[in-house]
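What follows is the residue order along each chain.
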Amino acid sequence: MFKIKIITLLTDFGLSDVYVGVLKGAIAQVNPQLTIIDLTHQIPPQNIAAGQFCLMSAYPYFPTGTVHIAVVDPGVGSSRRGVAVECANCVLVGPDNGLFSGVLGQENAIAAVELTNPQYWRTPQPSRTFHGRDIFATVGAHLASGVPLEKLGRAIDPDTLVRSYLPTCTLTADGVDGYIQYIDYFGNLITNIPGTLVAGKNWSVAIALAKVGNECNRYFTISSGKSYSSAEQGNLIALVGSHGWVEIAIYGGNAQAFLGIDWNAKVQVKIASTK
């Protein structure tokens, strides 16, 4: 098992309450020498898709064997499983609700366990509303401290882990159709269209803002550029972001607010060659 001593935390707990600090306290009770890095605690409440995207975007930048504890858990206290998953480059700890789908789409799961051994929980009678504190934080701390995965509970087939299969982008006669998969703090609209599909091409983005039945009746056409400042201040720009996906932004502004696109709204994004 890995000997790395780094743990990351990703939650929807926010920063107004003590929940994040309590997670870190539970980890420190197991091993105060662990390095804890906060990915984010500002995932919109219960938004598993946002947590999935952020974890997928962050994990490649950490050393092999880093333990990623992720808690976006609307099913806490229910029959949903708590799991730990060993991959070639990381270990994942959290609820089995699709939160790890993005990482597992890029990493092969070597082994997985359901967290059924209370010896590695904070208490054998965990709260029904705070498994992050009573199970996931302490299990992650034990893993990062060298406890083998198989000691944490019942082995399960990695193929049984819950996956969230979101729609993929679709090639069309004049470009690509996709959707907005994430909206960041700046209001940038991140699509599910890989930047590789537009690399080296002249392209633009058309966003459908209104529909009548299945027909779109209002579009914004947005020119592409290399950076946010490729547009004039306050203007829309389409570009490939640092995450590798096509995104729509406003230089010095908020594209979400301007276009009126809400979280998880189904929108049509079309990439068309202008050659």
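Above this text sits the structure in question.
Residues numbered from 1 in each chain as written. Predicted model: local features only at pLDDT ≥ 70, side-chain atom pairs only at ≥ 80, totals over all residues. Heavy atoms only, no water.

### Focus on the overall build of the protein chain
Consideration 1: In terms of regular secondary structure, the protein chain is built from 5 helices and 16 strands.
Consideration 2: The C-alpha atoms of the protein chain give 21 Å as radius of gyration, which agrees with the globular expectation for 275 residues (19 Å, within 12%).
Consideration 3: The proportion of buried residues among the 275 residues of the protein chain is 50%.
Consideration 4: Excluding contacts between residues fewer than 6 apart, the proportion of contacts in the protein chain whose partners are at least 24 apart in sequence is 66%.
Consideration 5: Surface exposure of the protein chain reaches about 13200 Å², of which carbon and sulfur atoms provide 51%. (Helix = DSSP H or I, 4+ residues; strand = E, 2+ residues; numbered from the N terminus. Rg over C-alpha atoms; globule rule 2.2 N^0.38 Å. Buried < 20%, exposed > 50% of the residue type's maximum accessible area, 1.4 Å probe, protein only. Contact = heavy atoms within 4.5 Å. Areas by Shrake-Rupley, 256 points an atom, 1.4 Å probe, with all protein chains shown as cover.)

### Thoughts on the pattern of salt bridges
Consideration 1: Within this structure, the stated rule accounts for 6 salt bridges.
Consideration 2: Between Asp96 and Arg81 there is a salt bridge, and its shortest N-O distance comes to 2.8 Å. Here Asp96, found in the loop between β5 (90-95) and α3 (101-104), pairs with Arg81, found in the loop between β3 (66-71) and β4 (82-87); they are 15 residues apart in sequence, far enough to count as distant. Of the two residues, Asp96 and Arg81, both sit in the buried class.
Consideration 3: In this structure, the salt-bridge partner of Asp134 is Arg133, at a minimum N-O distance of 2.6 Å.
Consideration 4: When salt bridges that share partners are traced, they join Arg122, Arg133 and Asp134 into one network. (Salt bridge = Lys/Arg side-chain N within 4 Å of Asp/Glu carboxyl O.)

### Let's talk about the environment of Asn31
Consideration 1: Structurally, Asn31 is set in the loop between α1 (19-30) and β2 (35-40).
Consideration 2: Relative accessible area serves as the criterion here: at 13%, Asn31 is assigned to the buried category.
Consideration 3: Beyond its immediate chain neighbours, meaning those up to four positions away, Asn31 contacts Lys5 and Ser145.

### Comments concerning the sheet that holds strand β11 (residues 189-194)
Consideration 1: The 4 strands lie next to each other as β10-β11-β15-β14, forming an open sheet whose pairing is antiparallel. Both outer strands of the open sheet, β10 (180-183) and β14 (236-240), are each paired with one neighbouring strand and no more. Across the sheet, the mean angle from the axis of one strand to that of its neighbour is 30 degrees, orientation sign disregarded.
Consideration 2: Note that β14 and strand β15 (residues 245-250) share 5 bridges and pair antiparallel. From the neighbouring strand, Ala238 faces β15, where its bridge partner is Ile248. (Pairing = 2+ DSSP bridges. Axes fitted to C-alpha atoms, helices over the stretch in contact; angles between N-to-C directions.)

### Let's talk about the nonpolar core
Consideration 1: The biggest cluster of nonpolar side chains holds 29 residues, and the ones touching the most others in it are Ile7, Ile69, Val93, Leu115, Leu143 and Leu152.
Consideration 2: Mapped by element, the contributors of at least two residues to this core are β1 (6-11), α1, β3, β5 and α4 (131-144).
Consideration 3: With 7 residues, the top contributor of residues to this core is α4.
Consideration 4: Setting aside its immediate chain neighbours within four residues, Val93 contacts Val67, His68, Ile69, Ala70, Val83, Ala84, Phe100, Leu115, Phe136, Val139, Gly140 and Leu143.
Consideration 5: Counting residues in each nonpolar core, the second largest holds 26 residues, with Ile43, Cys87, Ala112 and Leu161 among its members. (Core = buried A, V, L, I, M, F, W, Y, C linked by side-chain atoms within 4.5 Å.)

### A few points about the packing of aromatic side chains
Consideration 1: All told, the structure shown has 5 aromatic pairs when counted by the stated rule.
Consideration 2: Ring centres of Phe13 and Phe130 lie 5.8 Å apart, and the angle between their planes is 85 degrees; on these two criteria the pair is classed as edge-to-face. With a gap of 117 residues between them, Phe13 in the loop between β1 and α1 and Phe130 in the loop between β6 (109-114) and α4 connect regions that are remote in the sequence.
Consideration 3: Under the relative-accessibility criterion, Phe130 is labelled buried at 11%. (Phe/Tyr/Trp six-rings, centres within 6.5 Å; stacked < 30°, edge-to-face > 60°.)

### Topic: the side chain of Thr191
Consideration 1: Counting through the fold element by element, Thr191 comes out in strand β11.
Consideration 2: A distance of 3.0 Å separates a polar atom in the side chain of Thr191 from the backbone nitrogen of Ile193.
Consideration 3: Thr191 has contacts with Tyr179, Ile180, Gln181, Trp245, Val246, Ile248 and Val269, leaving out every residue within four places of it along the chain. (Polar contact = N/O pair within 3.5 Å; in protein donor to acceptor, adjacent residues only side chain to side chain.)

### Digging into the environment of Asp12
Consideration 1: Residue placement: Asp12 occurs in the loop between β1 and α1.
Consideration 2: With a relative accessible area of 14%, Asp12 lands in the buried category.
Consideration 3: As for Asp12 and Ser224, which are separated by 212 residues in sequence, their C-alpha atoms are 33 Å apart.
Consideration 4: In contact with Asp12, other than residues within four places in its own chain, are His41, Ile43, Pro44, Pro45, Gln46, Val71 and Val72.

Note that every value here comes from positions in space, so none of it alone points to a role or purpose.
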